[in-house]
Amino acid sequence: MTEKPEESLEARLKRLGENIASKRVDASDEAEVRSAESRKGYAAAMKLSSEFIAGIVVGAFLGYLLDHFAGTGPWGMIVLLLLGFCAGVLNVLRSAGLVATPDQNGGSPGNSKKDGDGA
């Protein structure tokens, strides 16, 4: 044994310190990733809830205007509030990716032209 025990102990202590430092960095990175995922979830929840509430509010407002100017009593409010609810649900489903968005060309999905049809 040419090496002194103190030198060996110092080398092992240094390696241990480096390992602990690298683990602390990994743990802080993991916490940052978890908090970023949490923020993404919160943002998605706020987006979906605001789209749902906006559909209901717009339907209720249009129903109120219809009732006020046309004198239809509560029926305009009731009908357009229900339509606003349905529109809000549809917007939430589209944003969540559960329902396909309408075709951008304005046609129905079954009648879309394909490349190479010649028509």
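These numbers come from a predicted model, not from an experiment. (Residues numbered from 1 in each chain as written. Predicted model: local features only at pLDDT ≥ 70, side-chain atom pairs only at ≥ 80, totals over all residues. Heavy atoms only, no water.)

Asker: Account for the overall build of the protein chain, with residues named and values stated.
Answerer: Assigned secondary structure in the protein chain consists of two helices and zero strands. Within the protein chain, buried positions represent 7% of all 119 residues. Considering only residue pairs separated by 6 or more positions, the protein chain has 41% of its internal contacts joining residues 24 or more positions apart. Looking at the protein chain as shown, the accessible area adds up to about 9,900 Å², and 64% of this sits on carbon and sulfur atoms. (Helix = DSSP H or I, 4+ residues; strand = E, 2+ residues; numbered from the N terminus. Buried < 20%, exposed > 50% of the residue type's maximum accessible area, 1.4 Å probe, protein only. Contact = heavy atoms within 4.5 Å. Areas by Shrake-Rupley, 256 points an atom, 1.4 Å probe, with all protein chains shown as cover.)

Asker: An account of a nonpolar patch on the surface is requested, with residue identities and associated values reported.
Answerer: A grouping of W75, I78, V79, L82 and L83 is seen on the molecular surface, where their side chains present a nonpolar patch of about 530 Å² in accessible area. Within the secondary structure, L83 sits in helix α2 (residues 75–96). (Patch = residues over 30% accessible without salt bridge, like charges linked within 9 Å, V, L, I, M, F, W, Y side chains within 5 Å. Salt bridge = Lys/Arg side-chain N within 4 Å of Asp/Glu carboxyl O.)

Asker: Lay out the environment of I78 in plain terms, naming residues and giving numbers.
Answerer: Mapped onto the elements, I78 comes out in helix α2. The spacing of I78 and D67 is 11 residues in sequence and 9.8 Å in space, taken between C-alpha atoms.

Asker: Please set out the pattern of salt bridges residue by residue, giving values where relevant.
Answerer: In this structure the tally under the stated criterion is two salt bridges. Across the pair E32 and R39 runs a salt bridge, and its minimum N-O distance is 3.5 Å. The partner of K40 in a salt bridge is E37, and the shortest N-O contact between them spans 3.9 Å. Of this pair, K40 and E37 both sit in helix α1 (residues 5–70), three residues apart, roughly one helical turn. By relative accessible area, K40 is classed as exposed at 54%.

Asker: Outline the packing of aromatic side chains, listing residues and values.
Answerer: Under the criterion given, the structure shown has one aromatic pair. Ring centres of F52 and F85 lie 5.5 Å apart, and the angle between their planes is 75 degrees; this geometry places the pair in the edge-to-face category. Residue F52 is found in helix α1, and its partner F85 is found in helix α2; the two are separated by 33 residues along the sequence. (Phe/Tyr/Trp six-rings, centres within 6.5 Å; stacked < 30°, edge-to-face > 60°.)

Asker: Before we move on, could you go through the side chain of D67 and cite the residues and values that matter?
Answerer: Mapped onto the elements of the fold, D67 is located in helix α1. As a buried residue without a salt bridge, D67 has its nearest oppositely charged side chain in R94, at a separation of 25 Å. One polar contact links the side chain of D67 to the main-chain amide nitrogen of M77, over a distance of 3.0 Å. Filtering out sequence-adjacent residues up to four positions away, D67 remains in contact with T72, G73, P74, W75, G76 and M77. (Lys, Arg positive; Asp, Glu negative; His and termini not counted. Polar contact = N/O pair within 3.5 Å; in protein donor to acceptor, adjacent residues only side chain to side chain.)

Asker: Tell me about α2, and name the residues and values.
Answerer: In an α-helix there are 3.6 residues to a turn, and that puts residues three or four apart on one side. Look at α2: 32 Å from first C-alpha to last across 22 residues, which is about the 32 Å you get at 1.5 Å a residue. Among the residues making up α2, those that are buried are G76, G84 and G88. For α2, the angular spread of buried residues about the axis comes to 95 degrees, placing them on one side. Residues of α2 that are exposed and point over 90 degrees away from its buried face: W75 and L82. Of the residues flanking the end of α2, it is G97, one or two places downstream, whose phi is positive at about 85 degrees. (Expected span 1.5 Å × (residues − 1). Arc of directions from axis to C-beta.)

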